[in-house]
Amino acid sequence: DIQMTQSPSTLSASVGDRVTITCRASQSISSWLAWYQQKPGKAPNLLIYKASTLESGVPSRFTGSGSGTEFTLTITSLQPDDFATYYCQQYDTYRTFGQGTRVEI
Amino acid sequence: QVQLQESGPGLVKPSETLSLTCTVSGGSITSGDYYWSWIRQHPGKGLEWVGYMSNSGHTYYAPSLRGRVTISVDTSKNQFSLKVNSVTAADTAVYYCAREYQGGIFDPWGQGTLVTVSS
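The paragraphs below set out a description of the structure included in this document. All values reported here derive from a predicted model rather than from experimental measurement.

Basis of the calculations
Residues numbered from 1 in each chain as written. Chains lettered and ligands numbered in written order. Predicted model: local features only at pLDDT ≥ 70, side-chain atom pairs only at ≥ 80, totals over all residues. Heavy atoms only, no water. Buried < 20%, exposed > 50% of the residue type's maximum accessible area, 1.4 Å probe, protein only. Helix = DSSP H or I, 4+ residues; strand = E, 2+ residues; numbered from the N terminus. Pairing = 2+ DSSP bridges. Contact = heavy atoms within 4.5 Å. Buried area = accessible area lost by both parts, 1.4 Å probe. Salt bridge = Lys/Arg side-chain N within 4 Å of Asp/Glu carboxyl O. Polar contact = N/O pair within 3.5 Å; in protein donor to acceptor, adjacent residues only side chain to side chain. Nonpolar A, V, L, I, M, F, W, Y, C, P; charged D, E, K, R; others polar. Phe/Tyr/Trp six-rings, centres within 6.5 Å; stacked < 30°, edge-to-face > 60°. Lys NZ or Arg CZ within 6 Å of the ring centre and 35° of its normal. Axes fitted to C-alpha atoms, helices over the stretch in contact; angles between N-to-C directions.

**Details of the pairing of strand 11 (residues 101–104) of chain A**
Residues and elements named next belong to chain A.
Okay, step 1: Residues Thr101 and Val103 point to one face of strand 11 and are all buried, whereas Arg102 and Glu104, pointing to the other face, are not buried.
Okay, step 2: With two bridges connecting them, strand 9 (residues 85–90) and strand 11 associate as antiparallel partners. The partner of threonine 85 across the bridge, within strand 11, is arginine 102.

As structure tokens, then:
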């Protein structure tokens with residue numbers, strides 16, 4: 001199985017901060033990576049797919065980059081609505097999620 | 001706009017079968033190049049893909065659950081279903097249904113339903 005490891009597990013930040021979350025795959029997954037945002041009690045919401053393609057309707061302050069085994073999600077100017085948990089997910093072989101990164105105030 | 005909604009018992013006894021249904025609205029379950037997936041989330045934990053069924057009837061399950069899981073589609077009702085056999089407390093989770101496209105992108109998702117395995 002392909003393992004996905006996110007870091008950090010928890011991130012403390014303030015409104016306006018630039019935030020970066022890293023996701024590492026245990027083997028190359030090319031660009032077959034998606035990012036989701038999840039708020040408490042809600043289903044995950046797709047932000048980015050194919051490593052760097054922004055889903056329609058998602059604010060441009062979210063950017064994704066990387067290929068192979070290392071990927072990043074960057075939020076350029078953190079907004080109050082962005083405090084949530086973020087998951088990466090590979091879809092190269094089966095589908096596997098990272099353990100999540102909680103972004104807190 | 002396609003929407004998904006899970007339904008089913010919230011409590012299942014150990015060793016019994018967990019059965020959930022996902023109703024798709026706003027579009028036909030047979031149209032487009034989509035897979036219909038189940039994903040679960042153990043309380044306070046991360047997400048675990050369970051499996052999918054394609055429009056052509058092809059199924060694929062997570063290796064850790066293969067042998068206990070069945071996904072099926074009822075096109076007449078625009079629904080797809082999940083069955084997990086021989087459940088234990090480890091199957092307690094929020095179960096989400098989702099539409100999958102482009103080989104593994106999940107969107108949209110249902111709101112999720114909590115299933116507790118307990119006697």
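Picking up after the structure, the text goes on.
**Side note on the interface of chain A and chain B**
Okay, step 1: Taken together, the contacts link 16 residues of chain A with 25 residues of chain B.
Okay, step 2: Summed over both sides, the interface between chain A and chain B buries roughly 1600 Å², with carbon and sulfur atoms accounting for 59% of that surface.
Okay, step 3: The largest contributions to the chain A side of the interface with chain B come from Tyr94, Arg95 and Phe97 of chain A, which together make up 40% of the buried area.
Okay, step 4: Taken together, the connections running from chain A to chain B amount to one salt bridge.
Okay, step 5: In this structure, arginine 95 of chain A engages glutamate 100 of chain B in a salt bridge whose closest nitrogen and oxygen atoms are separated by 2.3 Å.
Okay, step 6: At the surface where chain A touches chain B, the tally comes to eight residue pairs in polar contact (both at pLDDT 80 or more).
Okay, step 7: Along the lines of polarity and charge, the residues of the side of chain A that touches chain B split into nine nonpolar, three polar and four charged.

**Topic: the packing of aromatic side chains**
Residues and elements named next belong to chain B.
Okay, step 1: What the rule picks out here adds up to 17 aromatic pairs over all chains.
Okay, step 2: The interplanar angle of 25 degrees and the centroid separation of 6.0 Å between the aromatic rings of tyrosine 52 and tyrosine 60 together place this pair among those described as stacked.
Okay, step 3: Assessed through its relative accessible area of 7%, tyrosine 52 is described here as buried.
Okay, step 4: Tyrosine 60 gets classed as partly exposed once you look at its relative accessible area, which sits at 31%.
Okay, step 5: The ring of tyrosine 60 has arginine 66 sitting right over it, with the charged end atom 5.6 Å from the ring centre.
Okay, step 6: Sitting over the ring of tyrosine 34, arginine 99 keeps its end group 4.2 Å from the ring centre.

**Side note on the sheet that holds strand 3 (residues 18–25) of chain B**
Residues and elements named next belong to chain B.
Okay, step 1: On the basis of which strands lie adjacent, the open sheet formed by four strands has the order 1-3-8-7 and antiparallel pairing. At either end of the open sheet lies a strand with only one pairing partner, and these are strand 1 (3–7) and strand 7 (69–74). Pairs of neighbouring strands in the sheet enclose a mean axial angle of 20 degrees, with direction left out of account.
Okay, step 2: For strand 1 and strand 3, the ladder comprises five bridges, and the chain directions are antiparallel.

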